[in-house]
There are 2 protein chains.
Amino acid sequence: MSDPRQRRLVALVDGLTAAHVDGLLVTSLPNIRYLTGFSGSSALLFITPRDVILVSDFRYQTQIAEEVGDFARVTIEPQSLWTGLWQQLGQLSPLDVIGFESAHVLHRDFQRLLEAGGRWQWRPTVDLVETLRERKDAGELALIEAANGIATRALARTLPQVHAHMTELEVAGALEKALRDEGSEGFPFPSIVASGPRSALPHARSTTRRIESGDFLLLDFGAETQGYCADITRTCVVGVAEPEQREIYEVVRVANENAANRVRAGMTGRDADAIARDYIEQRGYGDLFGHSLGHGLGLEVHEAPRLARTADGALAEGAVVTIEPGIYRPGWGGVRIEDDVFLSPTGPKILTTFTHELIELG
Amino acid sequence: MSDPRQRRLVALVDGLTAAHVDGLLVTSLPNIRYLTGFSGSSALLFITPRDVILVSDFRYQTQIAEEVGDFARVTIEPQSLWTGLWQQLGQLSPLDVIGFESAHVLHRDFQRLLEAGGRWQWRPTVDLVETLRERKDAGELALIEAANGIATRALARTLPQVHAHMTELEVAGALEKALRDEGSEGFPFPSIVASGPRSALPHARSTTRRIESGDFLLLDFGAETQGYCADITRTCVVGVAEPEQREIYEVVRVANENAANRVRAGMTGRDADAIARDYIEQRGYGDLFGHSLGHGLGLEVHEAPRLARTADGALAEGAVVTIEPGIYRPGWGGVRIEDDVFLSPTGPKILTTFTHELIELG
């Protein structure tokens, strides 16, 4: 297989032409990783139809050579990345209009463009690289599948260790150790281990709360391999489930499966969201599903597209999205079931293979 | 003790007056947490001498009530935080000039200020909240000390488990589980577990590399309690250390101790950096210490002040800073020793209590 960076560069250069810019300053680190392979936390990338220039700092001298090779002209700048950028730009053949990423440049740095970069005309661009990233190639899909394998194997190793009286943090520790043992390179977001009434907090983190028998236990966590993420959620009951817990769980389960089986490339994000939302509303729980159905996933755990009531755009073929309906009753508890789904040309392919049955633990 | 948020608000309002703004839009999440107690990932805060307005979304409805109480007027906005902000601002008594955080507002959102917020005059501000955060109060210091306790106890639990043939990721998993078991609420940054030649990469992450006998093993990791961080590094040898490993280790150890014992509030960040750098240069390793000596620490793992060759500012009394000299020989290995130090009125107080002796593991 040819170097995917080469294909991405060609597609991006087409985008530059369409955006009427002579070059693009890329400041988003995931975009830089996508385009060059560099995975560090400090870099500026500059692209023209003829040049690929990457500026980083001392800490990454060895790493950048390994990751980028001769795909880009690499400069290690001892003082400031911006100093290095201005020096490099000054050496290029004359440029007129330069694009920058409006969603990733801070006002402070925008001021730098206008001041130190005052000899060029700066034009805001939106999603030039993100649009490319939305359609995953076979290599990217394989990595997201591998990350899902890490996540589900880690979950399978963790659940038998869980029992009442453990703290949420102890469960998080067991889960994160299993993720590392399975090879996860990182945690794409802070693990949520939320028990009992705290499971009703859609963005709870993990606390010293001790799990009680009869509690819901919601685990929302990620895995990462070569920069690509998985993002999954399962909700269990510690001990024996009450009928009301089973009822709400079942509504969420059906909403998840309906959406995951019926979502299609070409559909709007709103229509995808509605598959799950309409069902939850029919069952009388619409007020308790306050967030959106899902989001794209790849080098970032939240990226394009959105599956939400306010998402007018069509879902791209080749996108990977989360399907994560939930029902949250404040003070009582909540249920969310989340899988990652690839939008193939022929329909959805569910990448998260882990049971949807309600598990009773301990 | 009075509510620290009230003291911070009074100090910030003084800052608004000095900056000639009638109100301040706060978009930095750590700044929002510092001022209101809200720890979620989605919020906008607006402050005037009379008003504290916090806009968040559905996911945080329960959490925000618990964390913020009646300290702010809280709005839960179903569509977009910005929609909620404009509605709230429209209801206030007339405002003329509004400050925003230049280092935290993206160009995209700056455009919103100029367009949807066009009836107000927007003025960039720099570090209004960060300057307050630099001086830790007794409660904050206690939390950073507690986070250091978590980190050092976790390290002490982990090192006896380490042996040759483990992967870096397995060591990271054991360390992170110990951090959770000790109560760490999160990982303020991706744990670095770097072995052998990879210890020469100052910002390595952890990989599937198997540790070999004779390797350096560098662990750089954090702990977090109530949002406050610790950030520490220790470098060990797996097996028996070679004389050259001992020699380089000893240079780093003395550089660390010189700097930690001599750093003072009032000194410039450059002079602090020079304490360690001059010693490493004298010993002939200056070219191999490419990064800066340290950085402030608190609600963020990197905050003001900087201890670096380019840092002209005086270190504030009450700051907590890292002291982290290192020597990195590409292809061979590296050593870093990092402690967190409080700059008290009477001199430095080292918050990280863990041996500096070279530990031989396994």
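Residues numbered from 1 in each chain as written. Chains lettered and ligands numbered in written order. Predicted model: local features only at pLDDT ≥ 70, side-chain atom pairs only at ≥ 80, totals over all residues. Heavy atoms only, no water.

Caption draft 1: Spatial organisation of the overall build of chain A. In terms of regular secondary structure, chain A is built from ten helices and 17 strands. Against the compact-globule benchmark of 21 Å for 362 residues, chain A has a radius of gyration of 23 Å, which places it among compact chains. With respect to the three principal axes, the spread of C-alpha positions in chain A is 70 × 40 × 40 Å. Counting across all 362 residues of chain A, residues that qualify as buried make up 62%. When the 35 basic and 50 acidic side-chain charges of chain A are each reduced to a single mean position, those positions are 1 Å apart. (Helix = DSSP H or I, 4+ residues; strand = E, 2+ residues; numbered from the N terminus. Rg over C-alpha atoms; globule rule 2.2 N^0.38 Å. Buried < 20%, exposed > 50% of the residue type's maximum accessible area, 1.4 Å probe, protein only. Lys, Arg positive; Asp, Glu negative; His and termini not counted. Charge placed at Lys NZ, Arg CZ, Asp CG, Glu CD.)

Caption draft 2: Molecular detail of the confidence of the model for chain A. Across chain A, pLDDT averages 96, with 100% of residues at or above 70. Our summary of model confidence lists the complex with pTM equal to 0.95 and ipTM equal to 0.93. (pLDDT = per-residue confidence, 0-100.)

Caption draft 3: Main features of the packing of aromatic side chains. All told, the structure shown has 14 aromatic pairs over all chains when counted by the stated rule. Here Trp86 of chain A and Trp122 of chain A contribute two aromatic rings whose centre-to-centre distance is 6.2 Å and whose plane-to-plane angle is 75 degrees, an arrangement assigned as edge-to-face. Here Trp86 of chain A, found in helix α4 (residues 81–91), pairs with Trp122 of chain A, found in strand β6 (residues 121–125); they are 36 residues apart in sequence, far enough to count as distant. On the basis of relative accessibility, which here comes to 11%, the residue Trp122 of chain A falls in the buried class. Between Phe38 of chain B and Tyr60 of chain B, the ring centres sit 5.3 Å apart and the planes meet at 85 degrees, which makes this aromatic pair edge-to-face. Of the two residues, Phe38 of chain B is situated in the loop between α2 (29–36) and β2 (43–47) and Tyr60 of chain B in the loop between β3 (52–56) and α3 (61–68); the sequence distance between them amounts to 22 residues. For the pair Phe38 of chain B and Tyr60 of chain B, a shared accessibility class is recorded, and that class is buried. Through a chain of ring-to-ring contacts, three or more aromatic side chains come together here, namely Trp82, Trp86, Trp120 and Trp122 of chain A. Positioned above the aromatic ring of Phe289 of chain A, the side-chain terminus of Arg277 of chain A is 4.1 Å from the ring centre. Of note, Arg8 of chain B hangs over the ring of Tyr34 of chain B, and the distance from its end group to the ring centre comes to 4.1 Å. (Phe/Tyr/Trp six-rings, centres within 6.5 Å; stacked < 30°, edge-to-face > 60°. Lys NZ or Arg CZ within 6 Å of the ring centre and 35° of its normal.)

Caption draft 4: Representation of helix α5 (residues 107–115) of chain A in the model. Within α5 of chain A, the full set of buried residues consists of His107, Asp109, Phe110 and Leu113 of chain A. One face of α5 of chain A carries all of its buried residues, which in axial projection span an arc of 160 degrees. (Arc of directions from axis to C-beta.)

Caption draft 5: Focus on the relation of the copies chain A and chain B. You can overlay chain A on chain B at an RMSD of 0.0 Å; the transform is a turn of 180 degrees with a shift of 0.0 Å along its axis. The symmetry that links the two subunits is that of a two-fold axis. Taking C-alpha positions as the reference, the residue of chain A nearest the rotation axis is Leu106 of chain A, at 2.1 Å. Looking at the interface residues of chain A, 100% of them are also at the interface in chain B, so both copies use one shared face. (Least-squares fit on C-alpha atoms with pLDDT ≥ 70 in both. Contact = heavy atoms within 4.5 Å.)

Caption draft 6: The sheet that holds strand β8 (residues 216–225) of chain A, seen in detail. Residue and element names in this part refer to chain A. Within the open sheet, the four strands sit side by side as β7-β8-β9-β17. Their pairing is mixed. On the outer flanks of this sheet lie β7 (192–195) and β17 (360–361), each paired with one strand and no other. Bridge analysis of strand β9 (residues 228–238) against β17 gives two bridges, and the strand direction is parallel. When the bridges of β17 are listed, Val238 appears paired with Leu361. (Pairing = 2+ DSSP bridges.)

Caption draft 7: Representation of the domain arrangement of chain A. Residue and element names in this part refer to chain A. Assigned domains of chain A: these are domain 1 (4–133) and domain 2 (135–361). Each of domain 1 and domain 2 has a C-alpha centre, and these two points are 34 Å apart. Facing the nine residues of domain 1 at the interface are eleven residues of domain 2. Interface area for domain 1 against domain 2, summed over the two sides, is near 770 Å², with a carbon-plus-sulfur share of 38%. Looking at the side of domain 1 facing domain 2, the largest losses of area belong to Pro30, Arg33 and Arg133, adding up to 60% of the total buried there. Counting across the interface, domain 1 meets domain 2 through five salt bridges. In this structure, Asp137 engages Arg8 in a salt bridge whose closest nitrogen and oxygen atoms are separated by 3.1 Å. Counting across the interface, domain 1 meets domain 2 through six residue pairs in polar contact (both at pLDDT 80 or more). Among the secondary structure elements, those contributing two or more residues to the side of domain 1 that touches domain 2 are α1 (4–18), α2 (29–36) and α6 (128–134). (Domains from an automatic or database assignment. Buried area = accessible area lost by both parts, 1.4 Å probe. Salt bridge = Lys/Arg side-chain N within 4 Å of Asp/Glu carboxyl O. Polar contact = N/O pair within 3.5 Å; in protein donor to acceptor, adjacent residues only side chain to side chain.)

Caption draft 8: Highlighting the pattern of salt bridges. Residues and elements named next belong to chain A. Using the criterion set out here, one finds 59 salt bridges over all chains in the structure. In this structure, Glu140 and Arg8 form a salt bridge, with 3.9 Å as the shortest nitrogen-oxygen distance. Of this pair, Glu140 sits in helix α7 (residues 138–158) while Arg8 sits in helix α1, and the two are 132 residues apart along the sequence. Residues Glu140 and Arg8 agree in their burial class; the two are buried. It is possible to trace a salt-bridge network through shared partners that takes in Arg153, Arg157, Lys177, Asp181 and Glu182.

Caption draft 9: Spotlight on the nonpolar core. Counting 54 residues, the largest nonpolar core has Leu217 of chain A together with Leu217 of chain B as its most contacted members. Counting only elements with at least two residues in this core, the list comes to α7, α8 (168–181), β8 and β9 of chain A together with α7 (138–158), α8 (168–181), β8 (216–225) and β9 (228–238) of chain B. Excluding its chain neighbours within four sequence positions, the residues that come into contact with Leu217 of chain B are Val162, Val171, Val193, Ala194, Ser195, Ile211, Arg234, Thr235, Cys236, Val238 and Leu361 of chain B. One finds Trp86, Phe100 and Leu113 of chain A together with Val105 of chain B within the second-largest nonpolar core, a separate group that totals 38 residues. (Core = buried A, V, L, I, M, F, W, Y, C linked by side-chain atoms within 4.5 Å.)

Caption draft 10: Unusual backbone geometry, seen in detail. Residue Pro305 of chain A is reached from Ala304 of chain A by a cis peptide bond, and omega for that bond is 0 degrees. Secondary-structure assignment places Pro305 of chain A in strand β11 (residues 303–307). Positive phi outside glycine occurs at Gln226 of chain B, with the angle close to 50 degrees. Its location among the elements puts Gln226 of chain B in the loop between β8 and β9.

Caption draft 11: Region of the structure containing the interface of chain A and chain B. Contact with chain A, which involves 42 residues of that partner, is made by 42 residues of chain B. For the pair chain A and chain B, the summed buried surface comes to about 3600 Å²; carbon and sulfur atoms form 60% of the total. Sorting the residues of chain A by area buried against chain B places Phe58, His107 and Arg180 of chain A first, and these three jointly supply 18% of that buried surface. Here chain A and chain B share four salt bridges between them. We note a salt bridge from Glu224 of chain A to Arg205 of chain B, for which the minimum N-O separation is 3.6 Å. One can count ten residue pairs in polar contact (both at pLDDT 80 or more) joining chain A with chain B. Here the side of chain A that touches chain B gets nine residues from one element, more than from any other, and that element is α8 of chain A.

Caption draft 12: Fine view of the pairing of β7 of chain A. Residues and elements named next belong to chain A. Alternating positions in β7 separate into two faces, Ile192 and Ala194 on one and Val193 and Ser195 on the other, with burial throughout. Two strands pair when backbone bridges link them, and β7 and β8 are joined in this way by four bridges, in the antiparallel orientation. By the bridge assignment for β8, Ser195 is matched with Leu217.

Caption draft 13: Seen up close, the side chain of Asp273 of chain B. All names here are of chain B. Within the fold, Asp273 resides in helix α10 (residues 269–282). Residue Asp273 is classed as buried on the basis of its relative accessible area, which comes to 0%. A polar atom in the side chain of Asp273 sits 2.6 Å from the side chain of Arg277. Those residues in contact with Asp273 that lie beyond four places of it in its chain are Ser292, Leu293, Leu307, Ala308 and Arg309.

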